[in-house]
Amino acid sequence: EDHAARESLLWRYALNSLRALPLGLPLLGALVWWVVGRALRPLAGLGRQVDRLGPLDLEPLEGRDAPAEVRPLVARLNALFARIADSLQAERRFTSHAAHELRTPLAAIRAQAEVALDAPDAAGRAVALGHVIEGCDRAGRLVDQMLMLARIDELERQPDAHCRPGEVAARVLAELAPA
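Structural notes, computed from the coordinates. (Residues numbered from 1 in each chain as written. Predicted model: local features only at pLDDT ≥ 70, side-chain atom pairs only at ≥ 80, totals over all residues. Heavy atoms only, no water.)

1. Structural notes on the pattern of salt bridges
Oppositely charged side chains can form a pair if their charged atoms are brought close together.
1) Next: A complete count under the given rule lists one salt bridge for this structure.
2) Next: Two residues, arginine 110 and glutamate 114, come together in a salt bridge whose shortest N-O distance is 3.2 Å. Of this pair, arginine 110 and glutamate 114 both sit in helix H2 (residues 71-118), separated by four residues, roughly a single helical turn. (Salt bridge = Lys/Arg side-chain N within 4 Å of Asp/Glu carboxyl O. Helix = DSSP H or I, 4+ residues; strand = E, 2+ residues; numbered from the N terminus.)

Printed below as a string of structure tokens:
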């Protein structure tokens, strides 16, 4: 075979290929764009679901159409939403119970303060003010107990939390040091 003929044939094929590139590359780019867009459509839908969520809207995400690689993430997000909803519900219950429990001691403190105001002599006033101080102490203990219950509830909701007795003892001693 003639080397020049082979080279001329090669140049002709290369030029023919270059003529097809201006038409082929945009078509190939459009095809890739369409395929990738279609493949990512479920993720875009998932993104729109997340965009619609409000701060307290903890409805589970629908991940049925999501790619298999993303489904574990959707499941974990839904589990997180459920834990956050449980935490918010527990805080609402705690707030409701705290308000209910504090009503009685506060009413007693107010009643004793009114008795102190209306007392005709210093001895009666001193007794009523002593009851006010006792009521304040009872309310303070009640608040401490409720806060302790809230901490315990928080620890129960965190099963992976590790207890470090040294840190707990140091914190308790720091809280009790002023007393």
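Still to come is the rest of the account.
2. What to know about the environment of arginine 164
1) Next: By secondary structure assignment, the location of arginine 164 is in the loop between helix H3 (122-156) and helix H4 (165-176).
2) Next: Residue arginine 164 is classed as partly exposed on the basis of its relative accessible area, which comes to 46%.
3) Next: Put simply, arginine 164 and tryptophan 33 are 131 residues apart on the chain and 54 Å apart in space, counted from C-alpha to C-alpha. (Buried < 20%, exposed > 50% of the residue type's maximum accessible area, 1.4 Å probe, protein only.)

3. Regarding the side chain of glutamine 49
1) Next: Among the secondary structure elements, glutamine 49 is positioned in helix H1 (residues 3-52).
2) Next: Excluding its chain neighbours within four sequence positions, the residues that come into contact with glutamine 49 are Leu61 and Glu62. (Contact = heavy atoms within 4.5 Å.)

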